[in-house]
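Structure at a glance
Residues per chain, in single letters:
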Amino acid sequence: MTSSTAVSRGVRGSAAVGSRALRSSRAGVRVVLAVAEGWARWARRHPRWALGLAPLALLAALTQPDPKAARVLITVAALPGLVVAVWEHRWPVGYRRWLAGPSRRFGWRRWARRTWPVLARECGLSVQRNVRRRTWALARRNGRVQVSSTGTASEWVPPRLVDVLTAGDTLTLRVRARMGQTVQDLETAAPALAAAASAVSYRVRQWTPSVLDIALVMREALAATADAQLPDPLGRDLTVDTVPLGRRQDGTPWALQVRGRHTLVVGCSGSGKGSMLWGVCGGLAPAVRADLVRLWGVDLKRGVEVLMGRHLFTTVAITPSEAVATLTRLLQVIEDRGRAMAGVSRLHEPRPGDPLHVLVIDELAALTAYSDPDTKREASRLLAEILTQGRALGVVVLACVQDPRKEVVGMRGLFTQTIALRLRSAEETRMVLGDGTAALAPAHRLSPAAPGSAWVVEEDGTLDRVRADYWPDQLVRETAATYPALVVEETTGEAPVVTQPDDEMARADVASMPTTRAPRPARPTRTPRQPRTSRERRPRESAAPASSVSGLGSGSGDHGPEAA
Ligand SMILES: Nc1ncnc2c1ncn2[C@@H]1O[C@H](COP(=O)(O)OP(=O)(O)OP(=O)(O)O)[C@@H](O)[C@H]1O
């Protein structure tokens, strides 16, 4: 018995010693991990320092008399920082995705949750209330023993922070208005919250009637220029609803709705209107090649901008009379299509041969404000008709202008979406984006160092900051050469000529163009085209436009003469 007890004691004793050793080694591992994590965080914020400290730690270790201490020194002082710094340097994308991004977002969430009571109070969202509190303590009062006592205390009551969400570079505070408060009160405090969080900008979105999302953009994702790429050929779905134009302020892609929208792009000189124009024209290029879209260009600044990608356009007008002829032709298209669609369809569906017509006007003011009175009057009348009737019939307008005043763009209100590039004043921002937007979407404060940046109004009424990708001249030429328009029309308003541009010729032509956007001395002369033989035409693509000489692109399929 004695021996078995001794044995069992011995076993228990050794087990206890073992488990103690295990516990202490686990604790040691936890300490090492905590130190490494702290190190990694520090090293992430200061990668160059971390990298610089590694040789110092190595030096210190080499001069250590005790080799064990030297090893510990190297491990603790240098290794985590070194690993992080090397990771960031060699694999920046993975580093940002797996370490820097999550750790940054974790920090934002923790900061928001911890500081919310103070944040809400300092930003004017909390109220002070007197509350009755019961405290539990034994006390003798008036000869009686009391277990608890009640008293009043004053405390700050913030609105409830329902959730804290992070995605990309955005920290979103989902806040429920407290009793007696409205979401407008929460919205008013958004600039102060953004400033307290050192956010680059913010946007608000009503989640429910009493809950507001305040999205704080914590890092500037739009600082760097991004070059556009040659668009991919059209997919099978043949859709032209939106065109990708660039990035949003949270780093996600930004696409513009084209079909069913008239777009007005406003920005002062050098703000990057060209990026928007080529973003749309270049983005639609594959659809142009499939005759799913036809681009009609009006550029009264001698065609400097639009002629850069001439092959993409069905027609280009560079004089006031040509512009009026172009607008007249488009109105004719609207009338023909309207007749064909009446009672059949209420919204035009583009298809090859029955395309979406996009009128692209580079400087609208040159047509509606600075041309001679007759042209001005006629052009404004025609454009107003196109803007009011064209949308559902598959004729949309994209116009760029520097000055948004009513005397310059009288039909400003007829555009269904606006893009505010850098503007000159808060007043202009209000004119372009609407009342009350100057504070929420300060387009007049966009940096001249970031051309192509703009504020846009989203479908749900929220405002977002975006930046268009840059279209260098070479890319414009290459895109035009790769996807030349199938149908080319003279600007005099004559019947369209269906052509199958010779790709080789187009490329050679493009290669010989000047490399900068220098004004051309004169418009390239074009010899009247001879009708082509049926063998030269593409059977399907040519059939529709050829038969629609007077009704260019007016409905096909279900609702158009081309259906026959
Ligand atoms: N998205 C962009 N990203 C970076 N740089 C850009 C971008 N868009 C334009 N830029 C730069 O800004 C310059 C001016 O752009 P752009 O010619 O498009 O301005 P604009 O608004 O059309 O001016 P203007 O009305 O005087 O013609 C360009 O030469 C280019 O260097």
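Owing to the predicted nature of the structure, the values given are computational and were not obtained by experimental measurement.

**Regarding unusual backbone geometry**
- The phi torsion at Asp291 lies on the positive side, around 55°, for a residue other than glycine.
- By secondary structure assignment, the location of Asp291 is in the loop between α8 (285–289) and β10 (293–298).
- Of note, Arg302 is a non-glycine position whose phi angle comes to about 60°, a positive value.
- Taking relative accessible area as the criterion, Arg302 reaches 60% and is therefore assigned exposed.

**Overview of helix α14 (residues 473–482)**
- Most of α14 is tucked away: seven of the 10 residues are buried.
- Residues Asp473, Leu475, Val476, Arg477, Thr479, Ala480 and Ala481 constitute the buried set of α14.

**What about the sheet that holds β10?**
- With mixed pairing, the 10 strands of this open sheet are ordered in space as β8-β7-β16-β15-β14-β9-β13-β12-β10-β11. Only two strands of the sheet have a single partner each, and these edge strands are β8 (253–257) and β11 (313–317). For this sheet the average axis-to-axis angle between neighbouring strands, irrespective of direction, equals 30°.
- For strand β15 (residues 453–457) and strand β16 (residues 463–468), the ladder comprises five bridges, and the chain directions are antiparallel.

**As for the UniProt feature "binding site: ATP" (unreviewed entry) in the protein**
- Residues given the UniProt feature "binding site: ATP" (unreviewed entry) here are Gly267, Cys268, Ser269, Gly270, Ser271, Gly272, Lys273 and Gly274.
- Tracing the backbone through its elements, the reader meets Ser269 in the loop between β9 (263–266) and α7 (273–283).
- Leaving out residues up to four positions away in the same chain, Ser269 has contacts with Gln402 and Arg422.
- Among the secondary structure elements, Ser271 is positioned in the loop between β9 and α7.
- According to the relative accessible area criterion, Ser271 is buried, its value standing at 2%.
- Those residues in contact with Ser271 that lie beyond four places of it in its chain are Leu421, Arg422, Pro451 and Gly452.
- Within the structure, Ser271 has its side chain in polar contact with the backbone oxygen of Cys268 (distance 2.7 Å).

**Notes on the layout of surface pockets**
- Estimates place the volume of the second largest pocket at around 480 Å³.
- Along the walls of the second largest pocket sit 25 residues, with Pro231, Asp232, Val243, Pro244 and Gly283 positioned nearest its centre.
- Secondary-structure elements contributing two or more residues to the lining of the second largest pocket are β7 (242–248), α7 and α8.
- Among the elements that make up the lining of the second largest pocket, the one with the highest residue count is β7 (five residues).
- Here the lining of the second largest pocket is composed, by residue class, of 14 nonpolar, seven polar and four charged.

**Comments concerning the pattern of salt bridges**
- Under the criterion given, the structure shown has 22 salt bridges.
- Asp213 is paired through a salt bridge with Arg174; the nearest N and O atoms lie 2.8 Å apart. In this pair, Asp213 sits in strand β6 (residues 211–217) while Arg174 sits in strand β4 (residues 170–176), placing the two residues 39 residues apart along the sequence.
- The class of Asp213 is buried, set by a relative accessible area of 7%.
- Of the residues examined, Arg174 reaches a relative accessible area of 13% and is grouped as buried.
- For Asp464, the salt bridge identified is with Arg203, shortest N-O distance 3.3 Å. Of this pair, Asp464 sits in strand β16 while Arg203 sits in strand β5 (residues 201–208); the two residues are 261 residues apart in sequence, bridging distant segments of the chain.

The rules behind the values
- What you see as residue numbers is a count from 1 along each chain, following the sequence as written.
- Residue-level local features of this predicted model are given only where pLDDT is at least 70; pairs of side-chain atoms are given and counted only at 80 or more, and the full residue set underlies all totals for whole chains, interfaces and linings.
- Side-chain numbers come from the whole structure's heavy atoms, not from hydrogens or water.
- Helix numbers and strand numbers start at the N terminus; a helix is a DSSP run of H or I with at least 4 residues, a strand a run of E with at least 2.
- Summary of the burial criterion: residues with accessible area below 20% of their type's maximum are buried, those above 50% are exposed, and those between are partly exposed, where the area comes from a 1.4 Å probe applied to protein chains only.
- By definition, two strands form a pair when at least two bridges between them are found by DSSP.
- Fitting a line to C-alpha atoms yields each axis, with helices limited to the stretch in contact; the angle taken between N-to-C directions then spans 0 to 180 degrees.
- UniProt positions are given in the numbering used here, feature names are shortened, and annotations may be inferred rather than shown by experiment.
- Any pair of residues with heavy atoms lying within 4.5 Å of one another is described as a contacting pair.
- Nitrogen and oxygen atoms within 3.5 Å of one another constitute a polar contact, given that in protein one can donate a hydrogen and the other can accept it, and given that sequence-neighbouring residues count only through two side-chain atoms.
- Points on a 1 Å grid over protein atoms alone make up a cavity when a 1.4 Å probe fits among them but cannot get out, and a pocket when they form an open set with protein on both sides within 12 Å along at least five of seven lines; lining residues each have an atom within 4 Å of a point.
- Grid points are joined across faces, edges and corners, and a volume is the space filled by probe spheres set on the points.
- Classification convention: Asp, Glu, Lys, Arg as charged; Ala, Val, Leu, Ile, Met, Phe, Trp, Tyr, Cys, Pro as nonpolar; all other residues, Gly among them, as polar.
- By definition, a salt bridge exists where a carboxyl oxygen of Asp or Glu is found within 4 Å of a side-chain nitrogen of Lys or Arg.

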